Amino acid sequence: MELRQIQYFVAVAEDLHFGRAAERLHIGQPAVSQQVRRLERELSAELFDRSGRTVTLTPAGRALLPEGREVLKAMDSFAAKARRLAAQGDAAFRVGISSALGQRLDDFLDALPGRGAGTRFEFQTLDAHTRLEEVRAGRLDAAFVRGLESAPGLLLLSLWQDPLVVALPAAHELAGRDRLRLADLARLPLRIAPRAENPVLFDTVVLACRKAGFEPALGPPSTGLQETLAEIGAGAGGWIPMYPAAAGTVTSRRVAVLPIDGEPVAIRMSLALRADADPERLKLLTDTSARVREKSASKETSV
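Residues numbered from 1 in each chain as written. Predicted model: local features only at pLDDT ≥ 70, side-chain atom pairs only at ≥ 80, totals over all residues. Heavy atoms only, no water.

Side note on the pattern of salt bridges
Enumeration according to the criterion identifies 25 salt bridges in this entry. The salt bridge partner of Glu2 is Arg4, with a shortest N-O separation of 2.6 Å. Residue Arg4 is classed as partly exposed on the basis of its relative accessible area, which comes to 37%. With a shortest N-O distance of 2.9 Å, Glu215 and Arg210 are connected by a salt bridge. Exposure remark for Arg210: the relative accessible area of 48% places this residue in the partly exposed category. When salt bridges that share partners are traced, they join Glu14, Asp15, Arg24 and Arg69 into one network. (Salt bridge = Lys/Arg side-chain N within 4 Å of Asp/Glu carboxyl O. Buried < 20%, exposed > 50% of the residue type's maximum accessible area, 1.4 Å probe, protein only.)

Next comes the structure, spelled out in structure tokens:
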């Protein structure tokens, strides 16, 4: 039995005419008739009644028609999936990232299931707003974003929580401690990017300070992490909140980086992608995100 025999049977059954079926299939009528006859012999069953002036389905033909349609539908699905997989193998996976992912990006790539191990990635470092807009427009396949509970038109896959740390002058008396309470920083100016540039970080830190019992005194806004760290180390004073991944970039002995004591001041990292993403890639990213969450939770429990 060949797939084309089932295809010819379904075409004739739907048109109830060998000639019209042949035209739809773009082949000669004798070939259609020949293959349908061969299928009937292989099945040991008559599928069509040809005794009258018109062609009609026999009871066996009517019973087998739904099954024949399902076979063709499955074949179409198989071919479409094969084309998608081939396209994915050729195309890079475009992902928007921030500049402060560090080892977290390695953890994400390490968590890819076996079927995604050969996926080729292209990363673009963009601000958070642009990352989301690029995903919505389809110019990025996914983006790492912080602090969002929802994003219109996008699906958010939770990854991990980033507990903030604090950088301050190494010469300050607080720098000699193992950990800091936020309240200890009440008299130092907060160096942070303006809310318009990073509302997630700004709101999280200011709210945490208020919960700790003080309104943070805002110093000169941070125009860039490395520039602000250099100013703090040079004696400008103040403190700046940082993501743990960025803390590893601090090499100056004039800057101290300390964890926050008590309840962590944490920001969730998620992976944003379109809700209508390709099912295969959606499954890959969903499984990867679950592995990342599990590994992150395990680390937090062991600490």
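Quick notes on the sheet that holds strand S9 (residues 255–259)
Strands sit in the order S8-S7-S9 across an open sheet of three strands; the sheet is antiparallel. What marks the edges here is a single partner per strand, and that holds for strand S8 (240–242) and S9. Pairwise comparison of adjacent strand axes, ignoring direction, gives a mean angle of 35 degrees for this sheet. As paired strands, strand S7 (residues 165–169) and S9 are joined by five bridges and run antiparallel to one another. Opposite Val166, over in S9, you have Leu258 as the bridge partner. Along the sheet, helix H8 (residues 225–236) contacts S7, S8 and S9; its crossing angle with S8, the most-contacted strand, is approximately 135 degrees. (Pairing = 2+ DSSP bridges. Helix = DSSP H or I, 4+ residues; strand = E, 2+ residues; numbered from the N terminus. Axes fitted to C-alpha atoms, helices over the stretch in contact; angles between N-to-C directions. Contact = heavy atoms within 4.5 Å.)

A word on the side chain of Arg131
Relative to the assigned elements, Arg131 resides in helix H6 (residues 128–136). No salt bridge is formed by the buried Arg131; its nearest oppositely charged neighbour, Asp127, is found at 6.6 Å. Within the structure, Arg131 has its side chain in polar contact with the backbone oxygen of Phe144 (distance 2.4 Å). Look past the residues within four positions of Arg131 in its chain and what remains in contact with it is Gly96, Ile97, Ser98, Leu126, Leu140, Ala143, Phe144 and Val145. (Lys, Arg positive; Asp, Glu negative; His and termini not counted. Polar contact = N/O pair within 3.5 Å; in protein donor to acceptor, adjacent residues only side chain to side chain.)

Let's talk about helix H1 (residues 3–15)
Under the 1.5 Å per step criterion, the end-to-end length of H1 is 19 Å for 13 residues, consistent within 8% with the ideal 18 Å. A positive backbone phi angle near 50 degrees is found at Leu16, which sits one or two residues after H1. (Expected span 1.5 Å × (residues − 1).)

Re the layout of surface pockets
The calculated volume of the largest pocket comes to roughly 920 Å³. Forming the walls of the largest pocket are 34 residues, and the residues nearest its centre are Ser99, Arg146, Asn198, Leu201 and Tyr243. Put simply, the parts of the chain that give the lining of the largest pocket at least two residues each are H6, strand S5 (142–146), helix H7 (199–211), H8, S8 and helix H9 (244–247). Ranked by residues supplied to the lining of the largest pocket, first place goes to H6 with four residues. Across the lining of the largest pocket, the residue classes break down as 18 nonpolar, eleven polar and five charged. (1 Å grid on protein atoms, 1.4 Å probe; cavity = no way out; pocket = protein on both sides within 12 Å on 5 of 7 lines; lining within 4 Å. Points joined across faces, edges and corners; volume = space filled by probe spheres on them. Nonpolar A, V, L, I, M, F, W, Y, C, P; charged D, E, K, R; others polar.)

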